[in-house]
Each structure stands twice: as C-alpha cells, then as structure tokens.
Amino acid sequence: MNDSEASQLRLKASRFVTERQRLEKSLLEHQRFLRGSLLERPKFCGKPGCKCTKGQPHPPGLCLSRLVEGTVRQVFIRATDHERARKEALAYKRYRQALRRWRAIDKELNIIWEDLETAQEEAYPFE
Ligand SMILES: [Zn+2]
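Values in this document were obtained by computation on a predicted structure and should not be read as measured data.

Participant: Kindly report on the overall build of the chain, identifying the contributing residues and their values.
Facilitator: Secondary structure assignment for the chain yields two helices and three strands. Mapped in sequence order, the helices and strands of the chain form the string α-β-β-β-α. The C-alpha radius of gyration of the chain comes to 26 Å, more than 25% above the 14 Å expected for a compact globule of 127 residues. Each principal axis of the C-alpha distribution contributes one length, and for the chain these read about 95 × 30 × 25 Å.

Listed below in structure tokens is the structure:
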C-alpha cells in the first residue's frame with residue numbers, strides 16, 4: 001500500500017472525472033450537425049466582360065466537402081443556407097473534438113483505476 005501514490009492518483013482521477021463530466025454535458029446538448037468541411041471557393045461565372053474575368057471574383061461560394069463511401073463529394077451550399085451551414089458544421093467539429101477528448105480521458109482513467117487498485121492493495125498479515 002502506497003498512500004502518497006494513491007492520493008496522487010485520486011487527485012489525477014478526480015480532475016479527469018470533472019473534465020469528462022463537462023464534456024458529457026456538451027455531448028448531450030441538443031444539436032444539429034452538418035458533417036464535412038466547408039470550403040470557400042472564389043466564384044467565376046465566366047461570362048465574357050464580367051468583372052470576374054478581370055480578376056474581381058464574385059462573393060465566394062460555399063461548398064460542403066465530405067467523404068461518401070470512400071470518395072470525396074462536394075456540394076454547393078445555397079447562399080440563404082450559408083449561416084446555418086456554418087453553424088452546423090462548426091457544431092459538428094466541436095462535437096467530434098469533445099468526443100475525441102472524452103475517449104482519451106476514458107483511456108487515462110482506465111489506467112488510473114488499475115494503478116489505484118495496486119497502490120491501495122495491502123499485504124496480509126497487516127503491519
Ligand atoms: Zn462573373
């Protein structure tokens with residue numbers, strides 16, 4: 001039994017537990033996601049004489065790029081949907097980040113629980 005090691009491990013574990021709870025709260029939020037990455041693309045209509053042919057592109061178009069069955073698919077986002085698409089794509093990114101962190105913490109905690117078991121084990125007969 002190693003009291004100081006055990007108390008260090010408990011401290012470490014309780015920090016991870018707190019962080020994990022915070023992540024779980026955010027993962028449980030009601031949200032809508034747009035999966036994929038949004039890319040801004042300069043728009044060139046190509047009409048002869050248009051300003052875009054003279055190096056002044058139109059406002060950039062927004063494009064959703066995502067992997068579908070192993071291939072990259074791109075779809076244009078309507079201008080009226082830009083705001084919502086950006087919001088939902090960002091929410092998706094944040095969700096994935098939180099999930100990645102949650103999984104890392106889960107791994108850490110698994111190790112800590114094992115170590116804590118060892119650190120708290122007593123020899124018998126008691127000293
Ligand atoms: Zn043009």
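Participant: Before we move on, could you go through the side chain of Ser 65 and cite the residues and values that matter?
Facilitator: Along the polypeptide, Ser 65 turns up in strand β2 (residues 58-68). Overall, the relative accessible area of 13% leaves Ser 65 in the buried class. Those residues in contact with Ser 65 that sit more than four places away from it in its chain are Gly 36, Ser 37, Leu 39, Val 72, Arg 73 and Gln 74.

Participant: Which residues make up helix α1 (residues 3-27), and what values do they have?
Facilitator: An ideal rise of 1.5 Å per residue puts 36 Å on 25 residues; α1 measures up with 35 Å between its terminal C-alpha atoms. Every buried residue of α1 is listed here: Ala 6, Leu 9, Ala 13, Phe 16, Leu 23 and Leu 27. Residues of α1 that are buried sit in contact with α2 (82-119). Its side-chain oxygen placed 3.4 Å from the backbone nitrogen of Ser 4, Asn 2 serves as the N-cap of α1.

Participant: How would you summarise the coordination of the zinc ion if you had to cite specific residues and measurements?
Facilitator: A metal bound by six donors in octahedral fashion has ideal angles of 90 or 180 degrees, whereas one bound by four tetrahedral donors has an ideal angle of 109.5 degrees. For the zinc ion, every protein donor is listed as Cys 45 (SG), Cys 50 (SG), Cys 52 (SG) and His 58 (NE2), and the spread of their distances is 2.0 to 2.4 Å. Seen from the zinc ion, its four donor atoms lie at angles of 102 to 116°, and the figure they make is tetrahedral. When the donors of the zinc ion are listed by position in the chain, the intervening gaps give C-x4-C-x1-C-x5-H. On the basis of relative accessibility, which here comes to 40%, the residue Cys 45 falls in the partly exposed class.

What counts as what
- Residues numbered from 1 in each chain as written.
- Predicted model: local features only at pLDDT ≥ 70, side-chain atom pairs only at ≥ 80, totals over all residues.
- Heavy atoms only, no water.
- Helix = DSSP H or I, 4+ residues; strand = E, 2+ residues; numbered from the N terminus.
- Rg over C-alpha atoms; globule rule 2.2 N^0.38 Å.
- Buried < 20%, exposed > 50% of the residue type's maximum accessible area, 1.4 Å probe, protein only.
- Contact = heavy atoms within 4.5 Å.
- Expected span 1.5 Å × (residues − 1).
- Polar contact = N/O pair within 3.5 Å; in protein donor to acceptor, adjacent residues only side chain to side chain.
- Donors = N, O, S within 2.8 Å, 3.2 Å for Na, K, Ca; no water.
- Tetrahedral: all angles 85-135°; square planar, octahedral: opposite > 155°, others 65-115°.

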